[in-house]
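Here are the chains, one letter per residue:
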Amino acid sequence: MSGKPRDAAKPAANAAWGGRFAGGPAEIMQRINVSIDFDKRLFAQDIAGSLAHCAMLVRQNILSAEDGDAIARGLAQIRAEIEAGRFPFRAEHEDIHLNIEARLAELIGPAAGRLHTARSRNDQVATDFRLWVRDALDRLERQMQGLQAALIAKAERHADTIMPGFTHLQVAQPVTFGHHLLAYVEMLGRDRSRFGDCRRRLNECPLGAAALAGTSFPIDRHATAAALGFDRPAANSLDAVSDRDFALEFLAAAAICGTHLSRFAEEVVIWTSEPYRFIRLSDAFTTGSSIMPQKRNPDAAELVRAKPGRLLGALTQLLTVMKGLPLAYSKDMQEDKLPVFDAADTLELALAATAGMVGDLEPDAAAMRRVAASGFSTATDLADWLVRVLGLPFREAHRLTGALVKRAETLGLALADLPLAEMQKLEPRMTDAVFAVLTVEKSVASRSSFGGTAPANVAAAAAEAKRRFLREA
Ligand code: ARG
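Residues numbered from 1 in each chain as written. Predicted model: local features only at pLDDT ≥ 70, side-chain atom pairs only at ≥ 80, totals over all residues. Heavy atoms only, no water.

Looking at the overall build of the protein
Alright, step 1. Tallying secondary structure elements over the protein gives 19 helices and 6 strands in all.
Alright, step 2. Rg of the C-alpha trace for the protein: 31 Å, well past the compact-globule value of 23 Å for 473 residues, more than 25% over.
Alright, step 3. A principal-axis box enclosing the C-alpha atoms of the protein has dimensions of 105 × 50 × 40 Å.
Alright, step 4. Within the protein, the proportion of its 473 residues that are buried is 46%.
Alright, step 5. For the protein, the proportion of contacts with a sequence separation of at least 24, taken over those separated by at least 6, is 73%.
Alright, step 6. For the protein, the accessible area works out to roughly 22800 Å², and carbon and sulfur atoms hold 55% of it.
Alright, step 7. Counting 57 positive and 58 negative side-chain charges, the protein places the centres of these two groups 2 Å from one another. (Helix = DSSP H or I, 4+ residues; strand = E, 2+ residues; numbered from the N terminus. Rg over C-alpha atoms; globule rule 2.2 N^0.38 Å. Buried < 20%, exposed > 50% of the residue type's maximum accessible area, 1.4 Å probe, protein only. Contact = heavy atoms within 4.5 Å. Areas by Shrake-Rupley, 256 points an atom, 1.4 Å probe, with all protein chains shown as cover. Lys, Arg positive; Asp, Glu negative; His and termini not counted. Charge placed at Lys NZ, Arg CZ, Asp CG, Glu CD.)

Printed below as a string of structure tokens:
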């Protein structure tokens, strides 16, 4: 190999490290190495990081004010070019960092080469990526809050709309639709708190860790950290360039949030189906069938239901990349971005679609009430009555209620329609008063324990949720 003459058509050595390279990379080397197609999404963060670094270098007298100004002006122009879609991204410059540096050299000449003093792409990319994830977290935070607001608004309107509550997807006890929706508000509250934890731990600045060991230049890492809105510089330079916990935490939180959205989506799929007809979605959130003219399909809900596959895939992907990586930076870590970008896009879309469906859906109160009253759903209310009024032990009340349900079933009647005489055959002390607890309205109204489904509770819980999650009075 060493004796082989070099191909004349071979590309020139890379300007960023070409000193000890006689030639350029093989075409396949470039293809596996290049990341500009996806890491161009870091451009705004990369420029912000460079501006903070440059200003600090000037303040520390590592860079002249004149060069600092030229660099800052050049970077501002580059940002404008990228935003306007006029920036010449080039694969031979590998990634966003080198593309920007190469363009800076075209724009301002050799002073561009001074920007990389006391910095490496290792701390640069770690900083950019943290900033990007932080921005994504802030966008998602607003979206999750928006979805909570949509759910709370609908819950308020349906604080006393009765629906069947399910366990095992079998009719269990009547609940209110508002109560059901507020359950998702709680899930999203925990999601927001998880993303908030991620943001707090993320907010340390790797910049100035340089390649892995720090730098001999008298830099001020506290200043760059503060300028970029970080709480503090990362304490250990090796950890700073090799840590991707923030990305893993982001993906884990995204997967959990996506899982919540998929549970809601599954309910929408069930509720819109013909045998249920609990809710109706408008044309805005359904599609038709190309062969069956009558169809109205809840495609958005089905896709939200499916998205956790991608989110969990992204988490698995990055965990697998990171496991077993020795300190400090390894190029493996370039593979961190695609799953995170995809997960952020996926979750943003899923949240937006879910918020859209929540606003769009209209419950069919009559259909929900009919099912809520079926399946002997007030049997627990009957058992509770036997305990409260006749003083039976709960286990005995449970057994007796079971026998009454069986009798009603045999006669093809609902519990509320079972004649008193039939009830008295099994328990002579029963009175007419029992019928007061057997309707679904009475049932939900009685469930007024803290966190329970009673309409009065739901109205109060919605107001409380606004205070807790929307910072409204
Ligand atoms: N594109 C690289 C990445 O995303 C930037 C860091 C490259 N560092 C290096 N030592 N080659 O990880």
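Quick look at the packing of aromatic side chains
Alright, step 1. This model, assessed by the stated rule, comprises 10 aromatic pairs.
Alright, step 2. Linked through ring pairs, F129, W132, F246 and F341 together constitute an aromatic cluster.
Alright, step 3. A cation over an aromatic ring shows up here: K40 above the ring of F89, its NZ or CZ 4.8 Å from the ring centre.
Alright, step 4. Directly above the ring of F129 sits K337, whose terminal nitrogen or CZ lies 5.8 Å from the centroid. (Phe/Tyr/Trp six-rings, centres within 6.5 Å; stacked < 30°, edge-to-face > 60°. Lys NZ or Arg CZ within 6 Å of the ring centre and 35° of its normal.)

Quick notes on the environment of F177
Alright, step 1. Note on placement: F177 falls in helix 7 (residues 177-202).
Alright, step 2. With 102 residues separating them in the primary sequence, F177 and I279 have C-alpha atoms 11 Å apart.
Alright, step 3. Non-local contacts of F177, meaning those with residues more than four positions away in its chain, are made with H158, T161, M163, W271, I279, L361, P363 and M368.

A few points about the site of the ligand
Alright, step 1. In the vicinity of the ligand, the residues found are S35, D39, D95, H97, R121, N122, V125, Y329, Q334 and K337.
Alright, step 2. Contacts to the ligand include D95, whose side-chain N or O atom sits 2.8 Å from a nitrogen atom.
Alright, step 3. For the ligand, an oxygen atom lies 2.4 Å from a polar atom in the side chain of Y329.
Alright, step 4. Its free accessible area being 340 Å², the ligand has 86% of it covered by the protein chains.
Alright, step 5. It is helix 6 (residues 121-157) that provides the largest number of residues to the shell around the ligand, a total of 3 residues.
Alright, step 6. Of the residues in the shell around the ligand, the class split is 2 nonpolar, 4 polar and 4 charged. (Near = heavy atom within 4 Å. Polar contact = N/O pair within 3.5 Å; in protein donor to acceptor, adjacent residues only side chain to side chain. Nonpolar A, V, L, I, M, F, W, Y, C, P; charged D, E, K, R; others polar.)

Things to note about unusual backbone geometry
Alright, step 1. The omega angle of the peptide bond from L327 to A328 is 0°, so this bond is cis rather than trans.
Alright, step 2. Looking at the element boundaries, A328 is found in the loop between helix 12 (308-322) and helix 13 (337-360).
Alright, step 3. Unusually for a residue other than glycine, A118 sits at a positive phi of about 65°.
Alright, step 4. Relative to the assigned elements, A118 resides in the loop between helix 5 (96-108) and helix 6.
Alright, step 5. Residue F376 is not a glycine yet carries a positive backbone phi of 55°.
Alright, step 6. Mapped onto the elements of the fold, F376 is located in the loop between helix 14 (365-372) and helix 15 (379-390).

Thoughts on helix 5
Alright, step 1. Taking 1.5 Å per residue as the helical rise, helix 5 with its 13 residues ought to reach 18 Å, and the 18 Å between its terminal C-alpha atoms agrees with that figure.
Alright, step 2. Turning to helix 5, its buried residues number three or more, namely I96, H97, L98, N99, I100, R103 and L104.
Alright, step 3. If you follow the buried residues of helix 5, they end up packed against helix 2 (36-39), helix 3 (43-59), helix 4 (65-83) and helix 6. (Expected span 1.5 Å × (residues − 1).)

Let's talk about the pattern of salt bridges
Alright, step 1. Under the definition given, this model contains 34 salt bridges.
Alright, step 2. The shortest N-O distance in the salt bridge between R305 and E266 comes to 2.5 Å. In this pair, R305 sits in helix 11 (residues 299-306) while E266 sits in helix 10 (residues 245-272), placing the two residues 39 residues apart along the sequence.
Alright, step 3. The network of salt bridges with common partners includes E81, R90, E92, R103 and E106. (Salt bridge = Lys/Arg side-chain N within 4 Å of Asp/Glu carboxyl O.)

Points about a nonpolar patch on the surface
Alright, step 1. A cluster of nonpolar side chains, contributed by I28, M29 and I32, occupies part of the molecular surface with about 330 Å² of accessible area.
Alright, step 2. Secondary-structure assignment places I32 in helix 1 (residues 27-33).
Alright, step 3. Note on I32: relative accessible area 67%, which makes it exposed. (Patch = residues over 30% accessible without salt bridge, like charges linked within 9 Å, V, L, I, M, F, W, Y side chains within 5 Å.)

Observations concerning the side chain of K337
Alright, step 1. Locating K337 in the fold gives a position in helix 13.
Alright, step 2. By relative accessible area, K337 is classed as buried at 3%.
Alright, step 3. At a separation of 2.9 Å, a polar atom in the side chain of K337 contacts the side chain of D336.
Alright, step 4. For K337, the contacting residues outside a window of four places in its chain are F38, D39, L42, V125 and F129.

Observations regarding helix 3
Alright, step 1. With 17 residues, helix 3 ought to run about 24 Å at 1.5 Å a step, and its terminal C-alpha atoms sit 24 Å apart, in line with that.
Alright, step 2. Of all the residues in helix 3, the buried ones are F43, Q45, D46, I47, G49, S50, A52, H53, C54, M56 and L57.
Alright, step 3. Close packing links the buried residues of helix 3 with helix 2, helix 4, helix 5, helix 6 and helix 8 (221-227).
Alright, step 4. Positive phi shows up at N61, right after helix 3, with a value of about 60°.

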